[in-house]
Every structure is written in C-alpha cells, then in structure tokens.
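Spelled out, the chains give:
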Amino acid sequence: AQTVTQSQPEMSVQEAETVTLSCTYDTSESDYYLFWYKQPPSRQMILVIRQEAYKQQNATENRFSVNFQKAAKSFSLKISDSQLGDAAMYFCAYRRGGGATNKLIFGTGTLLAVQP
Amino acid sequence: DAGVIQSPRHEVTEMGQEVTLRCKPISGHNSLFWYRQTMMRGLELLIYFNNNVPIDDSGMPEDRFSAKMPNASFSTLKIQPSEPRDSAVYFCASSFKALYGYTFGSGTRLTVV
C-alpha cells in the first residue's frame, strides 16, 4: 500500500526567508502524481503545486517549488521569500495515475509558522 | 465556477440526532470524495464515488454513517444517530482527472454535544 510521510510536525521561518518542508512516499507504481496542499486557519484546502512522476523537471509556482527525487521517493516543498500569509498546515499527497477515481493519500501535515 | 459547495458550514447538534451534510461538486467532475479531519486522526477518507456510484466505502467508521449520490450534482453524508466522537470537520472534494488532484469544499464543522 502507498504511504506518505511528513516527518516535521512543525516548522518555523522568518518572514522573507526560505523554508523547506519534507515529504517521502512509498509506492511500487510508476505512474503517479504528487501534490502539496495548504490549509490556512480558514480550513480551506488549497492546492499549492503538483508534480507528475514522469517529469524530471521540478515544478514551480511563483515562490513555491519542489525538489522531486524519484529514486529516493522524496518530494520536498521550498517556499522562498516567506510571507505571513504562508502560515498554514501543509499536506503532502500522493495519487496513483490512471483515473480520477484514484484517491489522494495524505501525509499527516506540517504546521508552518511565519515569524515577522 | 463556484467551486465545490458544502452546507452547512457549521452544525451543532445534540447526541442522538440525525445530521445530514450536503455537497455540490464542480460541474463536469465525475469523482466525489468525503473526508473527515480531526486533530487525532488527521484526514481520513470515508467514501468516494465515481459517476455517482460508490467505489470504496471502507473508510466509513460505522453503520451510523451513510452516503448517497443521487445525481452528478449532489451528494449527502448522513450520521444517524450522531455521537460526540463524530465531532470533526467534514470535507467534500471532487475531481476530474488524477493529474489535477482534488478541489475541496470549505468543509462542515460538526459539533455533537
């Protein structure tokens, strides 16, 4: 069975600094997708970034980028120039490819605090 | 698009009462998922549907929980009778292709007293 592990329950970063959140996963599949979701205090789950496993290039969305190491099964999220609005719970998630019915498997989350 | 719409946003009920949570997925999305989130257990998948058909309900905790999707634009999650340990945030999410992940609703915070 696929699993997703986030080993950092909490992280803290100074405003304008860079922080990296870790995520590892376990799968025997070759076709899959990886995601980072953000959940601010409003509790809305917001998709931050996604990565297709078949793509070697790391995904980037503005200040958010990933370091995807397929062989190591690692998928970390880097937030550059951190802002107060980045404070939230961040969830890493895995989804097997092949169809919309495949469910997302979430990690336990990392709570990010941003210090002014 | 208005996104995934859940109602109510908050629900407070007494133990033993029936609770019905509602969800309207994004038009054109053919998969719908119900999750429960608590501090202790994190995000738990309860049940999901594809083309209105339940695919996997192994996450439904007890027979007190039931879910339906009578058509492509509406789903309900019912708890009868409710218990204090059912207190949680319940999310509905819909999806079109695996590539795009899910779009989540804003959740229903359920408090059973």
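Computed from a prediction, not measured in an experiment: that's the story for all the values here.

About the cut-offs
Residues numbered from 1 in each chain as written. Chains lettered and ligands numbered in written order. Predicted model: local features only at pLDDT ≥ 70, side-chain atom pairs only at ≥ 80, totals over all residues. Heavy atoms only, no water. Pairing = 2+ DSSP bridges. Helix = DSSP H or I, 4+ residues; strand = E, 2+ residues; numbered from the N terminus. Axes fitted to C-alpha atoms, helices over the stretch in contact; angles between N-to-C directions. Salt bridge = Lys/Arg side-chain N within 4 Å of Asp/Glu carboxyl O. Buried < 20%, exposed > 50% of the residue type's maximum accessible area, 1.4 Å probe, protein only.

A few words now on the sheet that holds strand β8 (residues 74–79) of chain B. All names here are of chain B. The sheet built from four strands is open, its strands ordered β1-β3-β8-β7 with antiparallel pairing. At either end of the open sheet lies a strand with only one pairing partner, and these are β1 (5–7) and β7 (65–71). Averaged over all adjacent pairs, the angle separating strand axes in this sheet is 15°, with direction ignored. Bridge count between strand β3 (residues 19–24) and β8: five bridges; the pairing is antiparallel. Within the sheet, the bridge partner assigned to Val19 lies in β8 and is Ile79.

Let's shift gears to the pattern of salt bridges. What the rule picks out here adds up to twelve salt bridges over all chains. The shortest N-O distance in the salt bridge between Arg63 of chain A and Asp86 of chain A comes to 2.8 Å. Separated by 23 residues along the polypeptide, Arg63 of chain A in the loop between β7 (60–61) and β8 (64–69) and Asp86 of chain A in the loop between β9 (74–79) and β10 (88–96) bring together distant segments of the chain. The two residues Arg63 of chain A and Asp86 of chain A agree in class, both being buried. Residue Glu18 of chain B is joined to Lys78 of chain B by a salt bridge in which the shortest nitrogen-to-oxygen separation is 3.9 Å. Taken together, the positions of Glu18 of chain B in the loop between β2 (10–13) and β3 and Lys78 of chain B in strand β8 put the pair 60 residues apart, joining distant regions of the chain. Residues joined in a network through salt bridges with shared partners are Glu62, Arg64, Glu83, Arg85 and Asp86 of chain B.

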